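# Architecture and fold: a report
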Amino acid sequence: TARVVRTKLERFKNESINMAPNGDVFKQLTKPDDQINLILNGIENLLHVNFGIDEDELCITIMHQDPKSGKWYYKFSTHTDWAQTKPETLMGSNSAAKRCLDSGEPWFYPDKNEASRKENFRLSERDKRHGTGSVFCYPAFTENKNYTDKFIVSLITYRKVFCSPH
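Criteria and cut-off values
- Residues numbered from 1 in each chain as written.
- Predicted model: local features only at pLDDT ≥ 70, side-chain atom pairs only at ≥ 80, totals over all residues.
- Heavy atoms only, no water.
- Phe/Tyr/Trp six-rings, centres within 6.5 Å; stacked < 30°, edge-to-face > 60°.
- Helix = DSSP H or I, 4+ residues; strand = E, 2+ residues; numbered from the N terminus.
- Buried < 20%, exposed > 50% of the residue type's maximum accessible area, 1.4 Å probe, protein only.
- Lys NZ or Arg CZ within 6 Å of the ring centre and 35° of its normal.
- Lys, Arg positive; Asp, Glu negative; His and termini not counted.
- Salt bridge = Lys/Arg side-chain N within 4 Å of Asp/Glu carboxyl O.
- Polar contact = N/O pair within 3.5 Å; in protein donor to acceptor, adjacent residues only side chain to side chain.
- Contact = heavy atoms within 4.5 Å.
- pLDDT = per-residue confidence, 0-100.
- 1 Å grid on protein atoms, 1.4 Å probe; cavity = no way out; pocket = protein on both sides within 12 Å on 5 of 7 lines; lining within 4 Å.
- Points joined across faces, edges and corners; volume = space filled by probe spheres on them.
- Nonpolar A, V, L, I, M, F, W, Y, C, P; charged D, E, K, R; others polar.

## A few points about the packing of aromatic side chains
Applying the stated criterion across every chain yields a total of five aromatic pairs. A centroid spacing of 5.7 Å and a plane angle of 75° characterise the contact between Trp 82 and Tyr 158, whose relative ring orientation is edge-to-face. Of this pair, Trp 82 sits in the loop between strand 2 (72-77) and helix 4 (87-91) while Tyr 158 sits in the segment after strand 5 (148-157); the two residues are 76 residues apart in sequence, bridging distant segments of the chain. For Tyr 158, a relative accessible area of 5% gives the class buried. Each ring, one from Phe 108 and one from Phe 162, has its centre 6.1 Å from the other, and the planes form 50°; the classification is tilted. Remark: Phe 162 occurs in the segment after strand 5 and Phe 108 occurs in strand 3 (residues 107-109); sequence separation between them is 54 residues. Taken together, the ring pairs in this structure connect Phe 51, Phe 108 and Phe 162 into an aromatic cluster. In this structure, Arg 126 packs its charged tip against the face of Trp 82, placed 3.7 Å from the ring centre.

Given below as structure tokens:
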């Protein structure tokens, strides 16, 4: 948290001097996308330090449903260079993300293979190549005046589990 606050203060100091008094000043100063990426990097670091999960053993994604079209897309990913399972595939199958959306509750599966056998998780090609791993999905819904913003945050590990499944 301190790192996010320091980054915000530095940005405010550097940018407020040159800002015109028009436009979305709040968005210009806070840069929400930058903040989220900073937080995702912090989560990666925390999981590495505390669980020994390396960067190539973890992917954190945030999927968003476009309120106008209803289509899902990846708003954020810690691995934009990885071939991700298409959001429409996940949201149209027995995936942890779909279950999370339907129930409005977070879901944690310490063993993705076991969850897949019980039809609670859809294994990706990366999962099939790397074997073991865990998944945690969290729904985030924001009620607005005319629509609800829907997000699914996922933490997925490859080759390592967060904890023993039993």
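From this point, the narrative continues.
## Notes on the side chain of Asp 149
Within the secondary structure, Asp 149 sits in strand 5. There is no salt bridge for the buried Asp 149, and the closest opposite charge comes from Lys 75, which lies 8.7 Å off by N-O distance. Among the polar contacts made by the side chain of Asp 149, one reaches the side chain of His 64 at a distance of 2.6 Å. The residues touching Asp 149, leaving out its near neighbours within four places in the chain, are His 64, Gln 65, Pro 67, Ala 140, Phe 141, Thr 142 and Asn 144.

## Section: the confidence of the model for the protein chain
Residues with a pLDDT of 70 or more make up 86% of the protein chain, whose mean pLDDT is 85. Looking over the protein chain, one finds the lowest element-wise mean pLDDT in helix 2 (residues 25-30), namely 65, and the highest in strand 1 (residues 58-65), namely 94.

## A look at the environment of Glu 44
Inspection of the secondary structure assignment puts Glu 44 in helix 3 (residues 32-51). Sequence-wise, Glu 44 and Leu 58 are 14 residues apart; in three dimensions their C-alpha atoms are separated by 7.6 Å. If we skip the residues at most four places from it in the chain, Glu 44 touches Glu 55, Leu 58, Ile 60, Thr 78 and His 79.

## Notes on the layout of surface pockets
As a volume, the largest pocket reaches approximately 390 Å³. Lining of the largest pocket is provided by 24 residues; of these, Gln 84, Thr 85, Leu 90, Ser 124 and Tyr 158 occupy positions nearest its centre. Of all the secondary-structure elements, those providing two or more residues to the lining of the largest pocket are strand 1, helix 5 (96-103), helix 7 (125-130), strand 4 (135-143) and strand 5. Top contributing element to the lining of the largest pocket by residue count: helix 7, with four residues. Here the residues of the lining of the largest pocket sort into 13 nonpolar, six polar and five charged. Computed from the structure, the second largest pocket encloses a volume of approximately 250 Å³. Elements that contribute at least two residues to the lining of the second largest pocket include exactly helix 3 and strand 5. It is helix 3 that provides the largest number of residues to the lining of the second largest pocket, a total of four residues. Across the lining of the second largest pocket, the residue classes break down as ten nonpolar, no polar and no charged.

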